[in-house]
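Tertiary structure, described
Next come the chains, spelled out residue by residue.
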Amino acid sequence: MFYSFVRVVARCFLFLIHGNVRYRNKEKLPAGNYILVGPHRAWFDMIYFALAASPKKFSFMAKSELFKNPILRFILVHANAFPVDRKHPGPSAIKTPVKWLKQRDLSLIMFPSGTRHSQKLKGGALLIAKLAGVPLVPAVYQGPPTFKQLFLRKRVTISFGDPVYIGRKERLTDEGQQKILKKLHTTFDELDKEIDPTYQYIDPKTIKK
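Report on the accompanying structure. (Residues numbered from 1 in each chain as written. Predicted model: local features only at pLDDT ≥ 70, side-chain atom pairs only at ≥ 80, totals over all residues. Heavy atoms only, no water.)

**Brief notes about the side chain of Asn33**
If you trace the backbone, Asn33 turns up in the loop between strand E1 (21-24) and strand E2 (35-37). Polar side-chain contacts of Asn33 include one of 2.7 Å to the side chain of Lys56. There is a polar contact of 2.8 Å between the side chain of Asn33 and the backbone oxygen of Leu101. (Helix = DSSP H or I, 4+ residues; strand = E, 2+ residues; numbered from the N terminus. Polar contact = N/O pair within 3.5 Å; in protein donor to acceptor, adjacent residues only side chain to side chain.)

Structure representation (structure tokens):
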């Protein structure tokens, strides 16, 4: 109930300050649970992913430090977020999302690169997908990289790719993981080019002021 309320508030808020969004390829979203994966390009891109894939509900990973504030902890917990220690991730970083994907009507949003300032993909999402028996769904966000730039009302586009399935008997060796990660990376590039052939992501952190 709280998640649905927050989603309505987020949709109305973003419409008021921005209101220029387009969703592509929603028909590619599978029935049942899945893991939505994409390059991390803005701190709010997961909000757009969640809105784009509505009415599906999602869970999220959030850094453990955020849960120290009781008010923020209440919001995060009721918005289906769970804590992860980024520096020293424990077994719960895998066990919790696998359990939720199996037992709850919640999909998961993950960024294989981990942060907005790295485009190097990691294999955590692959292991979770295999153990939970759910597909990975590639997605990209193209739009303003900072919250301030949303007010300029430049278009935001979210596009989804074909689901990637990992067989339960498939071995996730280093070679196997790299093959799947390369496939995801190629799909991200293809989705970007479909939206804008000239698109190139530039991390705002690297821009000199």
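Still more ground to cover, so stick around.
**Concerning the packing of aromatic side chains**
In this description, a pair of aromatic rings is defined by centroid distance and the angle of the planes. Under the counting rule described, the total for this entry stands at twelve aromatic pairs. Here Phe82 and Trp100 contribute two aromatic rings whose centre-to-centre distance is 5.4 Å and whose plane-to-plane angle is 75 degrees, an arrangement assigned as edge-to-face. Of this pair, Phe82 sits in strand E4 (residues 81-84) while Trp100 sits in helix H4 (residues 92-103), placing them 18 residues apart in sequence. Residue class for Phe82 comes out buried when judged on its relative accessible area of 3%. By relative accessible area, Trp100 is classed as buried at 17%. By way of ring pairs, the aromatic residues Phe13, Trp43, Phe44, Tyr48, Tyr141, Phe147 and Phe151 are connected into one cluster. (Phe/Tyr/Trp six-rings, centres within 6.5 Å; stacked < 30°, edge-to-face > 60°. Buried < 20%, exposed > 50% of the residue type's maximum accessible area, 1.4 Å probe, protein only.)

**Considerations on a nonpolar patch on the surface**
Together, Leu66, Ile71, Leu72, Phe74 and Ile75 line one region of the surface with nonpolar side chains, adding up to about 430 Å² of accessible area. Among the structural elements, Leu72 can be located in helix H3 (residues 70-78). On the basis of relative accessible area, Leu72 is assigned to the partly exposed category, the value being 32%. (Patch = residues over 30% accessible without salt bridge, like charges linked within 9 Å, V, L, I, M, F, W, Y side chains within 5 Å. Areas by Shrake-Rupley, 256 points an atom, 1.4 Å probe, with all protein chains shown as cover. Salt bridge = Lys/Arg side-chain N within 4 Å of Asp/Glu carboxyl O.)

**Observations regarding the pattern of salt bridges**
Side chains that differ in sign of charge can pair as their charged atoms come close. For the coordinates displayed, the defined rule picks out three salt bridges. With its nearest N and O atoms 3.7 Å apart, the salt bridge here joins Asp162 to Lys28. Highlighted residues: Asp162 in the loop between strand E7 (156-160) and helix H7 (174-195) and Lys28 in the loop between E1 and E2, separated in sequence by 134 residues. A relative accessible area of 26% means that Lys28 is categorised as partly exposed. A salt bridge links Lys56 to Asp105; the nearest nitrogen and oxygen atoms lie 2.8 Å apart. Linking Lys56 in the loop between helix H2 (45-52) and strand E3 (58-63) with Asp105 in the loop between H4 and strand E5 (107-110), this pair joins segments that are 49 residues apart in sequence.

**Digging into the nonpolar core**
A general tendency of soluble globular proteins is for nonpolar side chains to be buried together. Counting 30 residues, the largest nonpolar core has Leu36, Phe58, Ile109, Tyr141 and Phe160 as its most contacted members. Elements with a minimum of two residues in this core: helix H1 (2-17), H2, E3, strand E6 (136-142) and E7. With six residues, the single largest contributor to this core is H2. Other than its neighbours up to four places away in sequence, Ile109 contacts Leu36, Met46, Phe49, Ala50, Phe58, Ser59 and Phe60. Membership of the second largest hydrophobic core comes to 28 residues, among which are Ile35, Ala93, Leu136 and Leu184. (Core = buried A, V, L, I, M, F, W, Y, C linked by side-chain atoms within 4.5 Å. Contact = heavy atoms within 4.5 Å.)

**Details of the pairing of E5**
Burial of E5 is two-sided: the residues Ser107 and Ile109 facing one way and the residues Leu108 and Met110 facing the other way are all buried. Sheet topology note: the E2/E5 ladder contains three bridges and is parallel. What sits directly across from Ile35, in E5, is Leu108. Relative to E5, E3 runs parallel, the two sharing three bridges. Across the sheet, Phe58 pairs through a bridge with Ser107, a residue of E5. (Pairing = 2+ DSSP bridges.)

**As for the environment of Tyr48**
Among the structural elements, Tyr48 can be located in helix H2. You can call Tyr48 buried: its relative accessible area is 2%. A sequence separation of 38 residues divides Tyr48 from Ala10, and the C-alpha atoms of the two residues are 9.1 Å apart. For Tyr48, the residues in contact, after removing those within four places along its chain, are Leu14, His18, Val21, Tyr23, Tyr141, Leu150, Val156 and Ile158.

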